[in-house]
Amino acid sequence: MRLKYVLNEVLIGLWRNITMTIAMMITLSVSLTMLGASALMYLQVGQMKDFYYAKIEVSIFLTEDITDGQRAGIDAALTASPLVRDKVYETKAQALARFRKMFRDSPTLVDAVRPDTLPESFRVKLKNPEAYDEFTRQLAGRPGIQLIVDQREVLGKVFRVFSSIQLLALVIASVMAVAGLLLVGNIIQVAAYSKRREVAVMKLVGASNWFIQAPFVLEAMAAGLAGSLLAFGGLYAGKVLLLDGPLQALSKLMTPIPDGNLWLMLPLLAAAGAGTSGVAGWITLRFHIRV
C-alpha cells in the first residue's frame, strides 16, 4: 500500500509541474548527450591510437652521397635489430611515384618536384612503436643516414586535437549538468511547497522523513532517467543518421564506432541521469526544505 501511494504521488507530482519537468528533462538530456559524446570520444581516441600506432613507420632518409657499402651496412643493421618487425627499401624513383600518387589532385605541386628531389629511404615498422628512442640510438652516427623521422610525432599532434575536443565536450557537459541539477532542486522546492500542508499532516501522524521525501526524490530520478533516454536516443540517431550516413567518409580517418561502445552509454547515462538527479533532490530536501 505504501509503495502504491509513493508511486501515485510521483505521477501526480510530475504531471502537476509538467512544464518544469519537461524543461528539466530537456536540460538534462542535453548535458547527458554531451557527456555521452565525450565518453565515446575518449573510447574512440584510445581505439584510434591502437589502430594507427600499429601502422606507424619510421622513415630513415639516406644522404645523397651514400655508398653501396654504407647502404648495405644500414640494411644489415636493420635486419639484425630485434626491434624491427619489417623494413622496405625505397629508391628515389619509387619515392617520386608514391609522392605523385599521394598528391595526384595537386598537379602544380607534383610538377614542382624533380625526380632527384626526394631521397631514397628505408621505411621500418617496429615491433613496439614506443621503442623509437632506443631504435634511434642503435643507428645514431651511422654513415649514410641523413634523417630519422617517426610518424608518431605527427599522430601525437592529431590526437592532442582530439583530446582537446573531448575536454571541451566534457566542460560543456559539466556546465549543462550544473544547470540541470539547479533546475532539479528548484522543481523539488516548488513541489514540496505546493504540498506543504500534506507534508505537515504526515509529520503529525508520525510518517518518517524517508517516506515523506521518497516521492520528491523519485520524481527527480524519473525525470533524470527520461533525460538519459533522450540523450541516448540522440547519440544513437547521430551515429546512424550521420556517421553511418553522410559522414561515413570520416571512417577513413576515424575508426568506426563499435555498437558495443554505443550501447555501453545507455546504462552509463541512465545511472548518471537518475543518480545525480536523485542525489540533488535529496540534498535539496535535506538542507533547504524542512520536512
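Residues numbered from 1 in each chain as written. Predicted model: local features only at pLDDT ≥ 70, side-chain atom pairs only at ≥ 80, totals over all residues. Heavy atoms only, no water.

Take the layout of surface pockets next. Each pocket or cavity is described by its volume, and for the second largest pocket that value is around 250 Å³. What lines the second largest pocket is a set of 14 residues, among which Ser59, Phe61, Glu90, Arg98 and Arg123 lie closest to the centre. Listed by contribution, the elements that provide at least two residues to the lining of the second largest pocket are β1 (58-62) and α4 (92-102). Within the lining of the second largest pocket, the residues separate by chemical class into eight nonpolar, two polar and four charged. (1 Å grid on protein atoms, 1.4 Å probe; cavity = no way out; pocket = protein on both sides within 12 Å on 5 of 7 lines; lining within 4 Å. Points joined across faces, edges and corners; volume = space filled by probe spheres on them. Helix = DSSP H or I, 4+ residues; strand = E, 2+ residues; numbered from the N terminus. Nonpolar A, V, L, I, M, F, W, Y, C, P; charged D, E, K, R; others polar.)

When we look at burial in α4, the residues that qualify are Ala95, Leu96 and Phe99. Angularly, the buried residues of α4 cover 100° about the axis, an arc narrow enough to put them on a single face. Turned more than 90 degrees from where α4 packs its buried face, Ala93 and Lys101 sit exposed. (Buried < 20%, exposed > 50% of the residue type's maximum accessible area, 1.4 Å probe, protein only. Arc of directions from axis to C-beta.)

Right, let's talk about the pattern of salt bridges for a bit. Summed over all chains, the structure comprises six salt bridges. A salt bridge links arginine 71 to aspartate 68; the nearest nitrogen and oxygen atoms lie 2.8 Å apart. Of the two residues, arginine 71 and aspartate 68 both sit in helix α3 (residues 68-80), three residues apart, roughly one turn of that helix. For lysine 239, the salt bridge identified is with aspartate 259, shortest N-O distance 3.3 Å. A residue pair is termed long-range when its members are at least 10 positions apart, and lysine 239 in helix α9 (residues 209-243) and aspartate 259 in helix α10 (residues 259-287) qualify at 20 residues. By relative accessible area, which is 10% here, lysine 239 ends up buried. We classify aspartate 259 as partly exposed; its relative accessible area is 47%. (Salt bridge = Lys/Arg side-chain N within 4 Å of Asp/Glu carboxyl O.)

With that settled, consider a nonpolar patch on the surface. There is a patch of nonpolar side chains on the surface, built from Tyr236, Val240, Leu241, Leu242, Leu243 and Trp263 and spanning about 570 Å² of accessible area. With respect to the helices and strands, the residue leucine 243 is situated in helix α9. (Patch = residues over 30% accessible without salt bridge, like charges linked within 9 Å, V, L, I, M, F, W, Y side chains within 5 Å. Areas by Shrake-Rupley, 256 points an atom, 1.4 Å probe, with all protein chains shown as cover.)

Attention now moves to the sheet that holds β1. Where strands meet in a sheet, backbone hydrogen bonds hold them as pairs that are either parallel or antiparallel. Strand order in the open sheet formed by four strands is β2-β3-β1-β4, with antiparallel pairing between adjacent strands. The open sheet has two edge strands with one neighbour each: β2 (84-90) and β4 (145-150). The sheet shows a mean angle of 20° between the axes of neighbouring strands, taken without regard to direction. Two elements, β2 and strand β3 (residues 121-126), share six bridges in a ladder whose sense is antiparallel. Of the residues in β3, the one forming a bridge with tyrosine 89 is phenylalanine 122. Sitting on the sheet, α4 is in contact with β2 and β3, with an inclination near 95° to β2. (Pairing = 2+ DSSP bridges. Axes fitted to C-alpha atoms, helices over the stretch in contact; angles between N-to-C directions. Contact = heavy atoms within 4.5 Å.)

Quick look at the packing of aromatic side chains now. In the structure shown here, the tally under the stated rule is four aromatic pairs. Relative to phenylalanine 122, the ring of tyrosine 89 lies with its centre 5.2 Å away and its plane at 50°, an arrangement referred to as tilted. One end of the pair, tyrosine 89, is in strand β2; the other, phenylalanine 122, is in strand β3, and 33 residues separate them in sequence. Taking the centre distance of 5.1 Å and the plane angle of 45° together, the rings of phenylalanine 232 and tryptophan 263 count as tilted. (Phe/Tyr/Trp six-rings, centres within 6.5 Å; stacked < 30°, edge-to-face > 60°.)

Our focus in this paragraph is the confidence of the model for the protein chain. Regions with low pLDDT carry predicted coordinates that are not meant to be interpreted in detail. Per-residue pLDDT for the protein chain averages 76, and the proportion of residues at 70 or more is 74%. Across the protein chain, element-level confidence peaks in α3 with a mean pLDDT of 88 and bottoms out in helix α1 (residues 2-16) with 58. (pLDDT = per-residue confidence, 0-100.)

Residue position: serine 228 is located in helix α9. Apart from residues lying up to four places away in sequence, serine 228 is in contact with Leu32, Leu269 and Ala270.

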